[in-house]
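Survey of secondary and tertiary structure
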Amino acid sequence: MIVRKLLLETSIIFFIFLVFWVLFGQNIASSFLIGALIHVLGMLYSSIIMLGSKAISVKGEVSKFYLAEFGKWGVVVTLFVLTFVFIDIQYPLVFFLAFAFAALLTMITNKKFL
């Protein structure tokens, strides 16, 4: 279920990336792709931690949830820093909006939100 949701989100992001590439060019499209993939990689980390092992108790399950969420945001912040240090983002507004779009896409594709 989670893998299918992540594949759906990633395919939508790649489709929009290709549309941006055709309509606006490489710089805007790459800014969009990098911003959106930062969110997807954070969600992938969170999914791996949450599904990696079974907790014995409810306390262990809650602990694993907090570890996954704080770890996800740690991955996201690290990727933001590494992106701005090593990659020259031409359109930072598109970059941040793509991250926000990917977060909104996650909420929309979540069954509890629908």
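Quantities reported herein were computed from a predicted structural model and do not represent experimental measurements.

With that out of the way, let us pick up the overall build of the protein. Along its length, the protein carries four helices and zero strands. Overall, the protein shows an N-to-C arrangement of helices and strands of α-α-α-α. Projected onto its principal axes, the C-alpha positions of the protein cover 50 × 30 × 20 Å. For the protein, the proportion of its 114 residues judged to be buried stands at 32%. The long-range share in the protein, meaning contacts at least 24 apart out of those at least 6 apart in sequence, stands at 62%. Carbon and sulfur atoms form 75% of the exposed surface of the protein, whose accessible area is close to 7,600 Å².

Now for the environment of Gly 52. Looking at where Gly 52 falls in the secondary structure, it is placed in helix 2 (residues 26–52). Each C-alpha atom, one on Gly 52 and one on Lys 64, is 9.7 Å from the other, the two residues being 12 residues apart in sequence.

Tallying each qualifying case throughout the model produces 14 aromatic pairs. Their ring planes at 65° and their centres at 5.7 Å tell us that Phe 65 and Tyr 66 sit as a pair that is edge-to-face. In this structure Tyr 66 comes out as partly exposed when scored by relative accessible area, which is 47%. Judged by centre distance (5.3 Å) and plane angle (70°), the rings of Phe 95 and Phe 96 are edge-to-face. Following the ring pairs from residue to residue traces out a cluster consisting of Trp 73, Phe 80, Phe 84, Phe 95, Phe 96 and Phe 99.

So, on to the environment of Ser 31. Mapped onto the secondary structure, Ser 31 falls in helix 2. Judged by relative accessible area, Ser 31 falls into the buried class, the value being 2%. Considering only alpha carbons, one finds Ser 31 and Ser 47, 16 residues apart in sequence, at a separation of 25 Å. In this structure Ser 31 touches Ile 89, Gln 90, Tyr 91, Val 94 and Phe 95, once residues within four positions along its chain are discounted. Within the structure, Ser 31 has its side chain in polar contact with the backbone oxygen of Asn 27 (distance 3.0 Å).

Rules used throughout
- Residues numbered from 1 in each chain as written.
- Predicted model: local features only at pLDDT ≥ 70, side-chain atom pairs only at ≥ 80, totals over all residues.
- Heavy atoms only, no water.
- Helix = DSSP H or I, 4+ residues; strand = E, 2+ residues; numbered from the N terminus.
- Buried < 20%, exposed > 50% of the residue type's maximum accessible area, 1.4 Å probe, protein only.
- Contact = heavy atoms within 4.5 Å.
- Areas by Shrake-Rupley, 256 points an atom, 1.4 Å probe, with all protein chains shown as cover.
- Phe/Tyr/Trp six-rings, centres within 6.5 Å; stacked < 30°, edge-to-face > 60°.
- Polar contact = N/O pair within 3.5 Å; in protein donor to acceptor, adjacent residues only side chain to side chain.

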